[in-house]
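Chains, contacts and geometry: an overview
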Amino acid sequence: MERSVAIERVEEIVDTVENDTMPVPVREVWVYGDVALGLDPIDRLDVYVTKDILLRGDADREEEFHRSHGVKGVGKTVRAEWADAHPDLLRANENGHAAPEKCLAAHLLHDDEPVHLEVCNSSFEDNVTQRLKGAVAREAYEQILDPRGVCLWAGGQRSDEALRKLQESELAFPTLPDALEMLGMAGEKTDEAAAAVESYRKRQDGATVRGDVV
């Protein structure tokens, strides 16, 4: 993806989160990896969304959607008003329950574009730390979340300055091995971990989504 196209997609995603009713409340939108580093072109556009739990839903409508769409949990895990407006975007997990991360991806992404969406209930910085701890403990380095990110939207406000710096490639970040070492990873493991992250990304194709709970 050309960098200019990637930046346009980032702006479109932020606009959508800002203006549309989302399947769940969204607290933050970040970009990380290639686009944050200023690369052109980029292999994939990596987007991180922090979601909030749906507290005031319409649980009484769950059975209605289960009958009509075969999906459980509408009104509890995703907004019923969103499902009313976008029944074609309703997605479920393997157990047949509405999956917030899949619903968000269906709303925000196009199927054939090289964009990866990470969805978590925790902020980007907190999840970076938690994912690193888990990956090191299991030696599953491909699960590491690249810490080199930029927050573009938080708490209902977009950061025009962060977007400008992203557009003009003004942001300076260390290499991934150096970034991982700064977060406390043993220096002798950082190159191996960075290679695993890159290999995992290269194996992805089209629009992808990962849901996480911390």
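The rules behind the values
Residue numbers run consecutively from 1 along every chain, following the written order of its sequence. With pLDDT at 70 or above as the cut-off, local features in this predicted model cover only qualifying residues; side-chain atom pairs require 80 or more to be listed or tallied, and sums for whole chains, interfaces and linings still use all residues. Values shown for side chains rest on all heavy atoms present in the structure; no hydrogens or waters enter the calculation. Secondary structure counts use DSSP, requiring at least four H or I residues in a row for a helix and at least two E residues in a row for a strand, with both numbered from the N terminus. The rule is simple: take the accessible area with a 1.4 Å probe, protein chains only, and divide by the maximum for that residue type; under 20% is buried, over 50% is exposed, in between is partly exposed. Should any heavy atoms of two residues lie within 4.5 Å, those residues are considered in contact. Definition used for salt bridges: Asp or Glu carboxyl oxygen within 4 Å of a side-chain nitrogen of Lys or Arg. To count toward a patch, a residue needs a relative accessible area over 30% and no salt bridge; like charges are then connected within 9 Å, while nonpolar side chains (Val, Leu, Ile, Met, Phe, Trp, Tyr) are connected within 5 Å. A 1.4 Å probe and the Shrake-Rupley method give the accessible areas. Residues count as covered only by the protein chains that appear here. The charge count includes Lys and Arg as positive and Asp and Glu as negative, but it does not include His or the ends of the chains. Charge positions come from single atoms, namely NZ of Lys, CZ of Arg, CG of Asp or CD of Glu.

A look at the environment of tryptophan 82
Of note, tryptophan 82 is situated in helix α4 (residues 80-85). With a relative accessible area of 0%, tryptophan 82 lands in the buried category. Each C-alpha atom, one on tryptophan 82 and one on valine 24, is 8.6 Å from the other, the two residues being 58 residues apart in sequence. The contact partners of tryptophan 82, leaving out residues within four places of it in the chain, are Thr21, Met22, Pro23, Leu89, Leu90, Cys103 and His107.

Focus: the pattern of salt bridges
One pass over the full model with this rule turns up 19 salt bridges. Of the charged contacts, one joins aspartate 34 and arginine 201 as a salt bridge, the two residues approaching to 3.6 Å between their closest N and O atoms. You can see aspartate 34 sitting in helix α2 (residues 34-37) and its partner arginine 201 sitting in helix α9 (residues 187-202), a full 167 residues away along the chain. The same class applies to aspartate 34 and to arginine 201, which are both buried. Glutamate 64 is the salt-bridge partner of arginine 61, the closest N and O atoms lying 2.8 Å from each other. You can call arginine 61 buried: its relative accessible area is 19%. Taken together, the shared-partner salt bridges connect Asp34, Asp46, Glu198 and Arg201 into one network.

Side note on a negative patch on the surface
A contiguous patch of negative charge on the surface is contributed by Asp178, Glu181, Glu188 and Asp191. Of all the secondary structure elements, the ones that give two or more residues to the negative patch are α8 (176-182) and α9. Residue glutamate 181 is classed as partly exposed on the basis of its relative accessible area, which comes to 43%.

Treat this as a map of the structure, not an account of what it does.
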